[in-house]
Amino acid sequence: MTIDTTIDQYRATKESMQSIIDRHMSEAFAEINTEFCATPVAVELDIRQVQTMSEKYPGGAYAGCAVGLGGE
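What you are looking at is a predicted structure, and each value in this text was computed from that prediction instead of being measured.

(A) Just the overall build of the protein chain, in detail. Across its full length, the protein chain carries one helix and two strands. A compact globule built from 72 residues should have a C-alpha radius of gyration of about 11 Å, whereas the protein chain, at 17 Å, is more than 25% larger. For the protein chain, the spread of C-alpha atoms along the principal axes amounts to about 50 × 25 × 20 Å. Burial status across the protein chain gives 4% buried among its 72 residues. The long-range fraction of contacts in the protein chain, counting pairs at least 24 apart against all pairs at least 6 apart in sequence, stands at 21%. Entry remark: accessible area of the protein chain is about 6,400 Å², with carbon and sulfur atoms responsible for 58%. Each charge class in the protein chain can be summarised by its mean position, and for the 5 positive and 11 negative side chains these summaries are 10 Å apart.

Spelled out as structure tokens, the structure:
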């Protein structure tokens, strides 16, 4: 595998992950807007990275979010 192939695979994987997150966030904002007739002005996701010495790559686990509303 060449360095160019590795970089291309990394970019493709990153874009695919971003697409999944974007899709779910868009759905979440639509649901929030339907239920509350408003959307947050800021959202912060908390992802915890866990890696033991025996693991080659860290595994992220969703740990919650913080929401900011207008006027805060």
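(B) Broad picture of the pattern of salt bridges. Scanning the entire structure with this criterion turns up one salt bridge. Residues arginine 48 and aspartate 46 are paired through a salt bridge, measuring 2.6 Å at the closest nitrogen-oxygen approach. Exposure remark for aspartate 46: the relative accessible area of 27% places this residue in the partly exposed category.

Conventions adopted
Each chain carries its own residue numbering, running from 1 in the direction its sequence is written. Residues qualify for local features only when their pLDDT is at least 70, as the model is predicted, and side-chain atom pairs are given and counted only at 80 or more; totals for whole chains, interfaces and linings, by contrast, use all residues. Side-chain numbers come from the whole structure's heavy atoms, not from hydrogens or water. The helix count covers DSSP runs of H or I at least four residues long, the strand count covers runs of E at least two residues long, and both are numbered beginning at the N terminus. Computation of the radius of gyration draws on C-alpha atoms, with the globule rule given as 2.2 Å multiplied by the number of residues to the power 0.38. For every residue, the accessible area (1.4 Å probe, protein chains only) is compared with the maximum for its type, and the residue is labelled buried under 20%, exposed over 50%, or partly exposed between those bounds. Whether two residues are in contact is decided by their heavy atoms: any pair within 4.5 Å suffices. For every accessible area listed, the method is Shrake-Rupley and the probe measures 1.4 Å; residues are considered covered only by the protein chains on display. By the counting rule applied here, Lys and Arg register as positive and Asp and Glu as negative, while His and the ends of each chain are not counted. By convention, the charge on Lys lies at NZ, on Arg at CZ, on Asp at CG and on Glu at CD. For this document, the term salt bridge refers to a Lys or Arg side-chain nitrogen within 4 Å of an Asp or Glu carboxyl oxygen.

None of this, on its own, says anything about what the molecule does.
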